[in-house]
Amino acid sequence: MKNIFLTNTEESKNEYKQIMNQTVNAVADAFFDSKAYSGPTPQELKNIVKEESILPEKGLGWDSVLSQTKNIILPNLLRTSSTDYMPHLHSPATLESIAGEVIISAFNQSMDSWDQAPVATEIEVEVIRHLCALYGYPETGDGVFTSGGSQSNQTAIILARDWFISNVMGYDVKKHGLPENFRKLRMYTSEISHFSMEKSAHILGLGYESVVKLPVDRKKRIDFEAFEHILNEDIASGYIPFLAVATAGTTDFGSIDPIKKMSELCKKHNMWLHADAAYGSGVIMSRKYSDRVKDLCFADSITVDFHKMFLLPISCSAVLIKDGSNFNALTIHADYLNREEDEEDGYTNLVDKSLQTTRRFDALKVWMSFKTRGKDGWSDIITTSMENAQYLYTIIKDNPNFAVIAEPEISSVVFRYTNGTDNAKKDDEINKSVRRTLLHKHGIVIGQTVSDGCVCLKFTLLNPLMTHAKLDQLVALIEQIAKNYV
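Residues numbered from 1 in each chain as written. Predicted model: local features only at pLDDT ≥ 70, side-chain atom pairs only at ≥ 80, totals over all residues. Heavy atoms only, no water.

A. Broad picture of the environment of Asp-323. Considering the arrangement of structural elements, one finds Asp-323 in the loop between strand S8 (317–321) and helix H11 (340–344). Overall, Asp-323 belongs to the partly exposed group, its relative accessible area being 37%. Spatially, the C-alpha atoms of Asp-323 and Asp-142 are 6.9 Å apart, while their sequence positions differ by 181 residues. At 2.8 Å, the side chain of Asp-323 and the side chain of Ser-325 are in polar contact. (Helix = DSSP H or I, 4+ residues; strand = E, 2+ residues; numbered from the N terminus. Buried < 20%, exposed > 50% of the residue type's maximum accessible area, 1.4 Å probe, protein only. Polar contact = N/O pair within 3.5 Å; in protein donor to acceptor, adjacent residues only side chain to side chain.)

Encoded structure:
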């Protein structure tokens, strides 16, 4: 390669176009069938990719490296746009958002200071403003893009902790650190909430013991009466509740906690309510089902993930807060980056409200995708996925060979093959074998989880290309495979 970068020279532009065209063709050619996975086992993949060195004394050149990429990597990548891919909250990427990734990579903006990302900064600010309105926040609302749901949740928990300790306890946590009685602090969340709750508590020095896991009802939502009882008992015992987390779309079941009722209880006890809507935030786009998440506006902060139901490339998430002034907890000025005099003159430095310093221009993907598809397009996409889940639930619940765990509220269905027996351990092994057979023999990738101690299978239906006929075929195939292990 003669050129290192894409610049204003015709020579660099031509070489960039050539490389991009070759890459686009190679990627398109890698979609050679409808399967989600080509099938190799972990050991087989280890043997395929193993090399003496990936850093040769002399560079191999672009053509050789592209050839190796086409032979070794591209055929074995998961094809998430396949309707045979449904294991996790891991979506295909819309075409316009893939184009957005090309722009993001080529211009390589860094979202920490205005002078590293002028128009990108203003676009992120504008996108955040519209997102706050979309979820019913007032003009005081604000937000920032993050690497994903875990970081969005962690940011919200930090802001909640600092708000509570500073405003309710009257202690300057930003200056002095945690108060002496910090071991009494408690946060409350569903027993099936995302593990980032415990991870965040650990990182913040509060420890796993500060996370109170609340029981769920048969619909896998927080049991509100149990929450109220546990909270009152903890207060009577001298603990200090500062935060509750409602999940709008649990990872496995897509269940939605009682956000409004939790908000009322939190206000009564001077607590912050965070809504982890990493999964369920996309439901707001469905004209038919948006009411299921209408109560997100009652939360003090919301996690929104765009690389789940919104079908954008990883990574793309945001945390929104009802009162933007609470971002002050993350602000610290540096002469080399976010100078106060610049901000006084109207230069926005987004590092003031971000855990990250260097950050990608992910807001571009939201901007492009929202404008491309519009309200009608997004409503169709989200509604289709939710109704596919409802259809799958309907055909499984009446099938004696299956047990379905809960009726879906969004687009996930958790179930298990039972063969009508009472041998739970045998059924566990059958379900494990079914998933691996689908993965390695059929190129079909589905999820596996545990509910009430039993191994279950999971369809996470984010792909609007899925059809009822295809779901019928998949259920029949699972039955066929399972009978071989009975």
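B. View of the packing of aromatic side chains. Considering all chains together, one arrives at 15 aromatic pairs under this definition. One aromatic cluster in this structure is built from Phe-145, Phe-306, Phe-310, Phe-370 and Trp-378. Taking the ring centre of Phe-253 as reference, the NZ or CZ of Lys-220 above it sits at 5.0 Å. (Phe/Tyr/Trp six-rings, centres within 6.5 Å; stacked < 30°, edge-to-face > 60°. Lys NZ or Arg CZ within 6 Å of the ring centre and 35° of its normal.)

C. Local environment of empty space enclosed by the protein. The tally for this structure, following the rule as stated, stands at 1 cavity of 30 Å³ or more. What lines the largest cavity is a set of 13 residues, and nearest its centre among them are Tyr-85, Met-86, Thr-460, Leu-462 and Asn-463. Its residues assigned to classes, the lining of the largest cavity shows 6 nonpolar, 7 polar and no charged. (1 Å grid on protein atoms, 1.4 Å probe; cavity = no way out; pocket = protein on both sides within 12 Å on 5 of 7 lines; lining within 4 Å. Points joined across faces, edges and corners; volume = space filled by probe spheres on them. Nonpolar A, V, L, I, M, F, W, Y, C, P; charged D, E, K, R; others polar.)

D. Region of interest: the layout of surface pockets. Taken as a whole, the largest pocket holds about 1,300 Å³ of empty space. In terms of lining, the largest pocket is formed by 36 residues, of which the most central are Val-27, Phe-31, Thr-80, Ala-93 and Ile-98. Contributing elements (two or more residues each) for the lining of the largest pocket: helix H1 (10–29), helix H3 (62–73), helix H4 (95–107) and helix H12 (363–397). Its residues assigned to classes, the lining of the largest pocket comprises 24 nonpolar, 9 polar and 3 charged.

E. Just the sheet that holds strand S11 (residues 445–451), in detail. Strand order in the open sheet made by the 5 strands is S1-S11-S12-S10-S9, with mixed pairing throughout. Looking along the sheet, the strands with just one partner apiece sit at the ends: strand S1 (85–86) and strand S9 (402–404). As paired elements, S11 and strand S12 (residues 454–460) share 5 bridges and run antiparallel to each other. If you follow Gly-447 over to S12, its bridge partner there is Lys-458. (Pairing = 2+ DSSP bridges.)

F. Structural context of the environment of Val-102. Mapped onto the secondary structure, Val-102 falls in helix H4. A relative accessible area of 32% places Val-102 in the partly exposed class. Distance in space between the C-alpha atoms of Val-102 and Met-20 is 9.4 Å, their sequence separation being 82 residues. Ignoring any residue separated from it by four or fewer positions in sequence, one finds Val-102 in contact with Tyr-16 and Met-20. (Contact = heavy atoms within 4.5 Å.)

G. Summary view of the packing of helix H5 (residues 118–134) against H12. Two elements in contact, H5 and H12, have axes whose closest approach is 9 Å; the angle formed by their N-to-C orientations is 60°. Judged by the inter-axis angle, H5 sits oblique to H12. Regarding H5 and H12, the two cross each other, and that crossing is left-handed. Contacts between H5 and H12 involve Ile-123, Glu-124, Val-127, Leu-131 and Leu-134 on the former and, on the latter, Ala-363, Val-366, Trp-367 and Phe-370. Here the residues of the contact of H5 with H12 are counted per class, giving 8 nonpolar, no polar and 1 charged. (Axes fitted to C-alpha atoms, helices over the stretch in contact; angles between N-to-C directions. Parallel < 35°, antiparallel > 145°, perpendicular 65-115°, else oblique. Left-handed = near helix turned anticlockwise from the far one by under 90°.)

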